[in-house]
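Letter by letter, the chains look like this.
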Amino acid sequence: MAKNFPVTHQRGFSAVAVTTFIFLYAPLAVALVLAFNAGTSAAKWEGFSLRWFQSAANNQQVIAASILSLKLAAISAVLATAVATFAALAMTRGPKFRGWTVTYGIISVPLMVPEIVTAVALLVVSATFRGWTGYTGLAYLIVAHTAFCVPFAYLPIRARLQTMDISLERAAGDLYASPWNAFRFVTMPLLFPGVLAGFILAFVTSLDDVVITEFVKTAGQDTLPTYMLGQVRRTITPEVNAIAAAFFVISLALVICIYAVNQRTKIN
């Protein structure tokens, strides 16, 4: 009698998974360890110290770039999440229309197109408006980051909507709830984990973006990633590793936040 094929247990899968994790996280682990290096070399361990974290905290350029990065990421993530939420609602709760599949493809295109192409396109648009208006403020970066982050926010929101039980929203309508009240008290609470995931994904994407920022920004608009890129071009010190470690902690905190919200939603 033939034995059942063990789909979940295959020889070699564990080794492949471990190797993948090593390739992904070994460079990150090295950078984090060297952030605590006492010496000036970014590649040679010379003892434990927090001097480079203190150096980064006292560097006014780092502080200014960090504030700009957080402001830009927060505003862009809010706008991108709002646009993505309405788009996902229209695509999953609205009636099918001619070109529905094409519309979904258009929303997903920025994820597949090389970022440099998107950056050049946004540069052309921003340069055109600069020529027309003479305005050189932060709005161009906000619009550019928002446009780039919309697909990243859209995917988890749409995925959440597709797994939600639509009968609950229909039941709210049967109980004479207005469309707004049904959305406010039924759809949105159930959709919130997806919206939060989309917001955090858009926030992180904007926070660490380099290519689009380099193309669209004007003088005096250095974000933290572009500042780090400029420092690496000159000389590499453990201060860059310390900044990268701070980025990692922020990203890890956001991931933990998403996990906690999703777990709480499942329990409730």
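This is a predicted model, so every value here is computed, not measured.

What counts, and at which threshold
Residues numbered from 1 in each chain as written. Predicted model: local features only at pLDDT ≥ 70, side-chain atom pairs only at ≥ 80, totals over all residues. Heavy atoms only, no water. Helix = DSSP H or I, 4+ residues; strand = E, 2+ residues; numbered from the N terminus. Buried < 20%, exposed > 50% of the residue type's maximum accessible area, 1.4 Å probe, protein only. Contact = heavy atoms within 4.5 Å. Areas by Shrake-Rupley, 256 points an atom, 1.4 Å probe, with all protein chains shown as cover. Lys, Arg positive; Asp, Glu negative; His and termini not counted. Charge placed at Lys NZ, Arg CZ, Asp CG, Glu CD. Expected span 1.5 Å × (residues − 1). Arc of directions from axis to C-beta. UniProt positions renumbered as here; feature names shortened; annotations may be inferred.

1. Some points on the overall build of the chain
Then, number 1: When you go through the chain residue by residue, the secondary structure sums to eleven helices and zero strands.
Then, number 2: Ordered by position from N to C terminus, the α and β elements of the chain give α-α-α-α-α-α-α-α-α-α-α.
Then, number 3: With respect to the principal axes defined by its C-alpha atoms, the chain has extents near 75 × 70 × 35 Å.
Then, number 4: Expressed as a percentage of its 268 residues, the buried residues of the chain come to 35%.
Then, number 5: In the chain, the share of contacts with a sequence separation of at least 24, taken over all contacts with a separation of at least 6, comes to 71%.
Then, number 6: Entry remark: accessible area of the chain is about 16300 Å², with carbon and sulfur atoms responsible for 70%.
Then, number 7: Computing the positive centroid from 18 side-chain charges and the negative centroid from 10, the chain places the two 7 Å apart.

2. As for helix α5 (residues 115–133)
Note: α-helices contain 3.6 residues per turn, so residues at a spacing of three or four share the same orientation.
Then, number 1: Between its terminal C-alpha atoms α5 stretches 27 Å, which fits the 27 Å expected from 19 residues at 1.5 Å a residue.
Then, number 2: For α5, every residue scored as buried is listed here: Thr 118, Ala 119, Leu 122, Ser 126 and Arg 130. Within α5, the buried residues cover an arc of 100° as seen down the axis, which keeps them to one side. What points out from α5, more than 90 degrees from its buried face, is the exposed set Gly 131 and Trp 132.
Then, number 3: Summarising the contacts, the buried residues of α5 are in contact with α6 (139–163) and α9 (211–216).
Then, number 4: One or two residues past the end of α5 sits Gly 134, with phi positive at roughly 80°.

3. Here we look at the UniProt feature "transmembrane region" (unreviewed entry) in the chain
Then, number 1: If you check UniProt for "transmembrane region" (unreviewed entry), the listed places come out as residues 12–36, 62–90, 102–125, 137–157, 185–207 and 242–261 in our numbering.
Then, number 2: The span residues 242–261 carries 100% helix and 0% strand; its end-to-end C-alpha distance comes to 29 Å.

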